[in-house]
Amino acid sequence: MPQKSTWLDRAVMAISPRAGYDRLRYRNAARVIQNYDAAGTGRRSRSWNPTATDADAAAARRLRLAFVSRDMIRNTPYAVRARSCITNNVVGTGIKPSFEGSEATVGTAKELLRAHLTALLA
């Protein structure tokens, strides 16, 4: 759907129809490129209440975000799948320590790590 022309578009069109046409054409092309669902105001995003804050200010409400995300995981299959994909692709099988150095140093490091992890699990 083409965008409506603004007063500036009409003024440019009155002075130079070609420039006005190009302006509208490029604005419509940009609108197609920038068609993000998150920017929409349709049925799916009607319940969102976004704020005009930066990430630091939004992080101040971490507790509420944690509650909302847990609720989404309990009630929304898409959220469960998203969490699964992130866990599998970012975390994977976990951290696997590797040691470099002489055999004695590597052996000592492995024993220290094993003792530490055993103490944590006990």
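To keep things clear, this report deals only with the structure shown in the data block. Everything numeric in this text was worked out from a predicted model, so none of it was measured. (Residues numbered from 1 in each chain as written. Predicted model: local features only at pLDDT ≥ 70, side-chain atom pairs only at ≥ 80, totals over all residues. Heavy atoms only, no water.)

With that settled, the discussion passes to the layout of surface pockets. Its boundaries defined by the atoms lining it, the largest pocket holds a volume of some 360 Å³. Every residue along the wall of the largest pocket is listed here: Ser47, Trp48, Asn49, Pro50, Thr51, Ala58, Arg61, Arg64, Leu65 and Val68. Looking at the lining of the largest pocket, the element that brings in the most residues is helix α4 (residues 62–75), giving three residues. Looking at the lining of the largest pocket residue by residue, the class counts come to five nonpolar, three polar and two charged. (1 Å grid on protein atoms, 1.4 Å probe; cavity = no way out; pocket = protein on both sides within 12 Å on 5 of 7 lines; lining within 4 Å. Points joined across faces, edges and corners; volume = space filled by probe spheres on them. Helix = DSSP H or I, 4+ residues; strand = E, 2+ residues; numbered from the N terminus. Nonpolar A, V, L, I, M, F, W, Y, C, P; charged D, E, K, R; others polar.)

Enumeration according to the criterion identifies zero aromatic pairs in this entry. The ring of Tyr26 carries the charged tip of Arg25 above its face, separated from the ring centre by 4.9 Å. (Phe/Tyr/Trp six-rings, centres within 6.5 Å; stacked < 30°, edge-to-face > 60°. Lys NZ or Arg CZ within 6 Å of the ring centre and 35° of its normal.)

A word on the packing of α4 against helix α5 (residues 77–91). Contact pair α4 / α5: the axes reach a minimum separation of 5 Å and the direction vectors enclose 110°. One element, α4, and the other, α5, form an angle in the roughly perpendicular class. On α5, the residues that touch Met72, Ile73 and Asn75 of α4 are Pro77, Ala79, Val80 and Arg83. Split into classes, the residues belonging to the contact of α4 with α5 amount to five nonpolar, one polar and one charged. (Axes fitted to C-alpha atoms, helices over the stretch in contact; angles between N-to-C directions. Parallel < 35°, antiparallel > 145°, perpendicular 65-115°, else oblique. Contact = heavy atoms within 4.5 Å.)

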